[in-house]
Amino acid sequence: MSTILVPLPPTDTPLFDALLAELPQSVSSALRVEASALGPLLEVAPYLLDLTRIHGAWLVSALEVGPDQAFADLMSELARAGREDDETALAHGLRLAKGRTALLAAVAETGGAWTTARATEALSDLADAALEAALDLLMRQAFDRGHLAIPAGQARAANSGLAIFALGKHGGRELNYSSDIDIVAFFDPQKPVLADPLEATKIYSRMVQKLVGLMEDRQAGGYVFRTDLRLRPDPGSTPVALSVDAALAYYEVRGQNWERAAWIKSRPCAGDKAVGEAFLKELAPYVWRKHLDFATIADIQAMKRQINVSKKVGDIRVEGHNVKLGRGGIREIEFFAQTQQLIAGGRDKALRVRPTAHALAALAEADWISPQTAEELTETYWYARC
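Because the structure is a prediction, the values reported are computed rather than measured.

## Examining empty space enclosed by the protein
- Inspection of the entire model under this criterion finds two cavities of 30 Å³ or more.
- Estimated volume of the largest cavity: approximately 60 Å³.
- Looking at the largest cavity, the residues that line it are Asp188, Pro189, Lys191, Val193, Leu194, Pro197, Ala200 and Tyr204.
- Tallied by class, residues from the lining of the largest cavity come to six nonpolar, no polar and two charged.

## Notes on the pairing of strand S2 (residues 181-187)
- Taking burial as the measure, the seven residues of S2 include six buried ones, the bulk of the element.
- Here strand S1 (residues 162-167) runs beside S2; their pairing, made up of six bridges, is antiparallel. Opposite Ala166, over in S2, you have Ile183 as the bridge partner.
- Two strands pair when backbone bridges link them, and S2 and strand S3 (residues 227-228) are joined in this way by two bridges, in the parallel orientation. Each bridged residue has a counterpart across the sheet, and for Asp182 the counterpart in S3 is Asp228.
- For the crossover that starts at S2, traverses helix H9 (residues 200-216) and ends in the parallel S3, the hand is right-handed.
- With three bridges connecting them, S2 and strand S4 (residues 241-243) associate as parallel partners. If you follow Ala185 over to S4, its bridge partner there is Ala241.

## A word on the side chain of Ser266
- Topologically, Ser266 is positioned in the loop between helix H11 (257-262) and strand S5 (267-271).
- Taking relative accessible area as the criterion, Ser266 reaches 4% and is therefore assigned buried.
- A polar contact of 2.8 Å, which involves the side chain of Ser266, links it to the backbone oxygen of Trp263.
- Those residues in contact with Ser266 that sit more than four places away from it in its chain are Ala166, Leu167, Leu280 and Arg354.

## What about the layout of surface pockets?
- Each pocket or cavity is described by its volume, and for the second largest pocket that value is around 840 Å³.
- Along its surface, the second largest pocket is lined by 35 residues, and Tyr47, Leu48, Ala102, Tyr177 and Ser178 are the ones closest to its centre.
- Sorting the residues of the lining of the second largest pocket by element identifies helix H4 (46-65), helix H6 (87-110), helix H7 (116-144) and helix H16 (371-385) as the ones contributing at least two each.
- Broken down by element, the lining of the second largest pocket gets its largest block of residues, nine residues, from H6.
- Of the residues assigned to the lining of the second largest pocket, the class counts are 17 nonpolar, ten polar and eight charged.

Rules and cut-offs
- Each chain has its residues counted from 1, running along the sequence as written.
- For a predicted model such as this one, the threshold for reporting local features is a pLDDT of at least 70, and the threshold for listing and counting side-chain atom pairs is 80 or more; totals across whole chains, interfaces and linings nevertheless cover every residue.
- Excluded from the side-chain calculations are hydrogens and water; all other atoms, namely the structure's heavy atoms, are used.
- Within this scheme a cavity is a closed region of a 1 Å grid, computed over the protein atoms alone, that accommodates a 1.4 Å probe without allowing it to escape, whereas a pocket is open but has protein on both sides within 12 Å along at least five of seven lines; lining residues each have an atom within 4 Å of a point.
- Grid points are joined across faces, edges and corners, and a volume is the space filled by probe spheres set on the points.
- Gly falls in the polar group here, along with every residue not listed as nonpolar (Ala, Val, Leu, Ile, Met, Phe, Trp, Tyr, Cys, Pro) or charged (Asp, Glu, Lys, Arg).
- Only protein chains enter the calculation, and the probe is 1.4 Å; a residue is then buried if its accessible area is under 20% of its type maximum, exposed if over 50%, and partly exposed in between.
- Each helix is a run of DSSP H or I of at least 4 residues and each strand a run of E of at least 2, with the numbering of both proceeding from the N terminus.
- One bridge is not enough; two strands pair if DSSP finds at least two bridges between them.
- By convention a crossover is right-handed if, when the strands point away from the viewer, the path from the first strand over the helix to the second runs clockwise.
- What qualifies as a polar contact is a pair of N or O atoms within 3.5 Å, subject to a donor-acceptor requirement within protein and to the restriction that residues adjacent in sequence count only when both atoms come from side chains.
- Pairs of residues are marked as contacts when any of their non-hydrogen atoms sit within 4.5 Å.

Written as structure tokens, this is what we have:
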């Protein structure tokens, strides 16, 4: 194999050895070469062991060409699947890509071929590609139903007038292996896409509901991503797809500080990205305020207290400490970076970056925090996420 993996601490690997005995000789021989890296990993990760059982031959070829090329090929295959008219085939292709990406990212990360940051980027890019491919199919289905005013050749996600935004870890390209994705869907009613513009909310909402189904439905191969739509404006009483005008009106009149924080990492991840970028430009004065009053700062402090109470965050301890939600953990580092961005980002556009590590570096560059603080928090953040 051309990819050389770093060995993991040695351990007994009866499950891995049994798997090699099941696989074809050519596959097991190739994987055995990297047994010092693969054996300890697959022995303690049943999900990855099962994925290797299914995708062993593919993993061998992926390590041969290198993880970057293998992942690029996966994304190209997924895009092609989205341009076909077979929903069943696309659903299978989405799950195939998810399983292979998870396996590749885990092997490449633990084997030293990828950093943790690169692995999280790949999982996030997979989510983008999956949403785009599914929306491509849904646009062609909408054309077949007579819902579109554009030609068949233009019935694609990029021309839909519907922007899908990634928020949270997805927006920052920081997804975990088991992360949900938080998305919001807004459409531009001024774009001449639909045959009946008065039906826009209904048509786009059905499209988004079907999109979520393609991501979440448990089929052979499981689900692709659990998908959360609850970060949209007033989720208890609004449709899953809103017009950009309605969304802007909500944020201007009723938007809260926690929603401002939620939009810091937002980015158009699929669909009509031109609509998405235009919306973010309009939303910027709401998210990035040039002047913060003491009430806003107090509100930010209250947000943290509420998180601590809801998650039962207590003092730091060794045994049983929650590295994600506990004091000094992953979520607290993310919250620290985002609150500093909220406070200072309105006056300094250089702070308006999405990934947590980039935000910490930008805060240090702007002398908002010390370089040592940024370095220590960044090191702790990625160590806790390994």
